[in-house]
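Report on the structure
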Amino acid sequence: MFSSGSLKKLWLPMILALKSDVRFVKGDRLHIKLQLSDWTNLDAEVSDLIAAVRAHEAATPPYEFLAVATAPEDQLIGSRQALAEQPARPAVWRGERYAHDRIRIGYLSADLREHPVARLAAGLFEAHDKSRFETIAFSSGPDDGSDLRHRIKSAFEDFVDVQRLSDSDLAALIRRREIDILVDLTGFTLAGRFGVLARRPAPIQVNFLGYPATMGAAWMDYIIADRTIIPAEHFQFYGERVVWLPDTYQANDDKSQTAERLPTRTECGLPENAFVFCCFNNMFKINPQIFAVWMRLLAAKADSVLWLLKTNATAERNLRREAKRRGIAADRLIFAPRIAVGDHLARHQQADLFLDTLPYNAHTTASDALRAGLPLVTCLGETFAGRVAASLLKAVGLPELITTSLKDYEELALKLARDPALVRSIRDRLGRNRDACRLFDTLRFTRHIESAYEAMWQAHQDGRAPAAFAVASVGRCTARSDDGAMH
């Protein structure tokens with residue numbers, strides 16, 4: 001079933017009916033409805049939630065707001081409001097400048113296990129230059145015993161399981177370890193430890209990878225991004241100072257393995273000769289606006305189906321009903337069960353085109369599709385969460401698959417669906433680009449983020465306040481765009 005649990009589904013509506021000002025309950029309720037694809041009165045609830053955030057009410061957890069808010073300024077308000085009622089905490093780092101032989105990087109995460117963040121970052125952890133950086137993991141989440149967990153533990157010089165430590169004890173531990181740069185990989189997602197970060201245990205604190213928005217806090221110094229993710233005109237909507245990496249903000253693991261065996265369409269439950277539109281995003285990212293586009297695509301392309309990820313039976317029933325309301329046979333929606341990551345990557349090859357969501361794009365899901373050789377069409381949003389797929393498409397040499405309106409998104413997807421030769425040419429170019437492009441070059445990415453860490457550390461050593469900056473590019477990418485130029 002879905003992650004929030006059936007009990008939460010039952011008691012949240014009751015709380016809202018009795019006392020609508022309970023902290024975060026509006027956002028919790030709306031998020032669960034989106035997970036269930038229950039769009040009853042959705043526009044009114046979304047408008048009410050955004051109005052409540054703008055009125056500085058504690059209406060929603062920040063993460064749950066990302067699938068609703070289409071303006072970065074609203075997300076900044078939401079993050080700051082979530083922290084407003086937190087008690088002030090004295091800083092445990094008191095301004096010292098450490099003098100270590102190597103820069104000490106501490107990665108704080110609840111997700112160092114079989115998890116999308118860990119799958120993206122495992123190669124980065126391994127590729128760090130240990131002659132210049134000492135790397136320490138502070139793992140605040142569960143040990144799932146997975147191969148990925150063991151691999152990540154081996155990548156660090158020191159891996160510390162801190163899930164049972166209180167915020168104050170963990171902050172004290174980080175301070176004792178004299179961490180130069182503390183990189184938070186969780187933010188306001190599940191089991192985030194902002195109570196540790198608020199105690200300022202390290203002189204430099206960085207928001208990276210796990211939370212695709214601002215934390216809006218004075219105790220976060222930097223956010224790792226790129227020119228697509230956070231354009232200069234959006235800097236004002238981030239509490240952190242923005243660091244632009246040259247290619248994309250997203251780490252990727254070049255050791256990620258796709259299963260060798262390709263399942264047949266029959267094994268995937270797909271029609272043999274259909275055009276397969278695909279979206280393996282979480283259900284809460286699918287909204288009526290994007291679903292309406294998808295249904296028009298199915299109507300215009302009679303021999304097509306839509307392949308989605310099976311998450312819960314209620315969402316499946318609701319989406320089939322919504323399809324029928326729009327004149328689309330329910331059996332043209334096909335739901336894929338969750339399977340092992342390598343097998344999941346392999347089955348992407350039986351789809352023809354990945355359709356992205358908005359305002360919350362595919363993130364790791366987009367990288368999975370591109371790694372598997374599946375072209376992806378996206379629509380560029382206004383927020384960090386809505387600009388990720390565009391960043392990835394640029395880094396893989398396919399900028400022509402980025403649109404700037406849902407009208408253009410729909411037209412491009414339909415054009416591709418009607419032109420098999422064009423789709424094949426894009427797939428061929430994606431296949432050629434994967435091994436040479438910036439997106440899956442783990443070592444190149446690592447050198448870029450290390451340059452960012454060194455610049456942060458040097459500014460601190462010089463007594464300069466954190467400020468936005470851009471990292472210079474190293475090397476060249478050999479991915480080709482349509483014009484045949486090298487990028």
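These lines cover the structure that appears in this document, whether it is placed above or below. (Residues numbered from 1 in each chain as written. Predicted model: local features only at pLDDT ≥ 70, side-chain atom pairs only at ≥ 80, totals over all residues. Heavy atoms only, no water.)

1. A closer look at the packing of aromatic side chains
Counted according to the given criterion, the structure contains 17 aromatic pairs. Measuring from centroid to centroid gives 5.1 Å for Phe280 and Trp307, while their planes differ by 70°, and the two rings are edge-to-face. Taken together, the residues Phe280 in the loop between strand S8 (275-279) and helix H11 (288-300) and Trp307 in strand S9 (residues 304-309) connect sequence positions 27 residues apart. Trp307 shares its class with Phe280; the two are buried. Stacked on the ring of Phe280, the Lys or Arg Arg347 has its end atom at 5.4 Å from the ring centre. (Phe/Tyr/Trp six-rings, centres within 6.5 Å; stacked < 30°, edge-to-face > 60°. Helix = DSSP H or I, 4+ residues; strand = E, 2+ residues; numbered from the N terminus. Buried < 20%, exposed > 50% of the residue type's maximum accessible area, 1.4 Å probe, protein only. Lys NZ or Arg CZ within 6 Å of the ring centre and 35° of its normal.)

2. Overview of helix H3 (residues 42-54)
Along an α-helix, residues three or four apart share an orientation, since each turn contains 3.6 residues. When the terminal C-alpha atoms of H3 are compared, their 18 Å separation across 13 residues agrees well with the 18 Å that a helix rising 1.5 Å per residue should span. Listed in full, the buried residues belonging to H3 are Leu42, Glu45, Leu49, Ile50, Ala52 and Val53. End-on view of H3: buried residues confined to an arc of 160°, all on one side of the axis. Buried residues belonging to H3 abut helix H2 (25-35), helix H4 (62-65), helix H5 (72-84) and H11. Residue His56 follows H3 closely and has a positive phi angle near 65°. (Expected span 1.5 Å × (residues − 1). Arc of directions from axis to C-beta. Contact = heavy atoms within 4.5 Å.)

3. What to know about unusual backbone geometry
Omega for the bond connecting Leu358 with Pro359 falls within 30 degrees of zero, at 15°, which places this linkage in the cis form. For Pro359, the position within the fold is in the loop between strand S11 (353-355) and helix H14 (364-371). Even without glycine at this site, His56 takes up a positive phi of about 65°. Along the chain, the position of His56 falls in the loop between H3 and H4. A residue is classified by how much of its surface remains accessible, and His56, at 48% relative accessible area, is partly exposed. In this model, Arg200 sits at a positive phi of 50°, which is unusual for a non-glycine residue. With respect to the secondary-structure elements, Arg200 resides in the loop between helix H9 (194-197) and strand S5 (204-207). Overall, Arg200 belongs to the buried group, its relative accessible area being 13%.

4. Re helix H18 (residues 442-461)
Taking 1.5 Å per residue as the helical rise, H18 with its 20 residues ought to reach 28 Å, and the 28 Å between its terminal C-alpha atoms agrees with that figure. What H18 keeps buried is the set Thr442, Arg444, Phe445, Thr446, His448, Ile449, Glu450, Ala452, Tyr453, Met456, Ala459 and His460.

5. A few points about the side chain of Gln81
Its location among the elements puts Gln81 in helix H5. Exposure remark for Gln81: the relative accessible area of 14% places this residue in the buried category. If near-sequence neighbours (up to four positions away) are discounted, Gln81 is found in contact with His56, Glu57 and Ala58.

6. So, the sheet that holds S5
Across the sheet, eight strands lie side by side as S3-S2-S1-S4-S5-S6-S7-S14; this open sheet has parallel pairing. Of all strands in the sheet, those with a lone pairing partner are strand S3 (158-161) and strand S14 (469-470), marking the two edges. Note: strand S1 (residues 103-109) against strand S2 (residues 133-139), seven bridges, orientation parallel. Within S2, the position partnered with Ile103 by the bridge is Phe133. Against the sheet, helix H8 (residues 167-176) engages S1, S2, S3 and strand S4 (181-184), with an angle of about 170° to S2. (Pairing = 2+ DSSP bridges. Axes fitted to C-alpha atoms, helices over the stretch in contact; angles between N-to-C directions.)

7. Observations regarding the pattern of salt bridges
Here the structure, examined in full by the defined rule, presents 38 salt bridges. Note that Arg175 is salt-bridged to Glu96, the shortest N-O span being 3.2 Å. A residue pair is termed long-range when its members are at least 10 positions apart, and Arg175 in helix H8 and Glu96 in the loop between H5 and S1 qualify at 79 residues. With its nearest N and O atoms 3.0 Å apart, the salt bridge here joins Arg113 to Asp111. Here the salt bridges share partners, and the residues they tie into one network are Asp129, Arg132, Arg447, Glu450 and Glu454. (Salt bridge = Lys/Arg side-chain N within 4 Å of Asp/Glu carboxyl O.)

8. Observations regarding the environment of Gln461
Position of Gln461 relative to the elements: it lies in helix H18. Expressed as a C-alpha distance, the spacing of Gln461 and Ala421, which sit 40 residues apart in the sequence, is 56 Å. Sequence-distant contacts of Gln461, that is, excluding residues within four places in its chain, are made with Arg97 and Tyr98.

9. Observations regarding the side chain of Asp368
When you line up the elements, Asp368 lands in helix H14. Side-chain polar atoms of Asp368 contact the side chain of Arg119, separated by 3.0 Å. In this view, Asp368 contacts Arg119, Leu345 and His348; residues no more than four positions away in its chain are not counted. (Polar contact = N/O pair within 3.5 Å; in protein donor to acceptor, adjacent residues only side chain to side chain.)

10. Here we look at the nonpolar core
Burial of nonpolar side chains together is a common tendency in soluble globular proteins. Counting 152 residues, the largest nonpolar core has Phe125, Phe138, Phe208, Trp294, Trp307, Leu333 and Met456 as its most contacted members. If sequence neighbours within four positions are ignored, Phe208 has contacts with Leu124, Val183, Asp184, Leu185, Ile224, Tyr249, Ala251, Phe445 and Ile449. (Core = buried A, V, L, I, M, F, W, Y, C linked by side-chain atoms within 4.5 Å.)

11. Let's talk about the sheet that holds strand S13 (residues 402-403)
Two orientations exist for strands paired in a sheet by backbone hydrogen bonds: parallel and antiparallel. Judged by pairing direction, the sheet is parallel, and its six strands sit side by side in the order S10-S9-S8-S11-S12-S13 without closing on themselves. The sheet is open, and its two edges are formed by strand S10 (333-336) and S13, each paired on a single side. Here S8 runs beside S11; their pairing, made up of two bridges, is parallel. In the strand pairing of S11, Phe277 is matched with Leu353.

In short, geometric facts, not functional conclusions.
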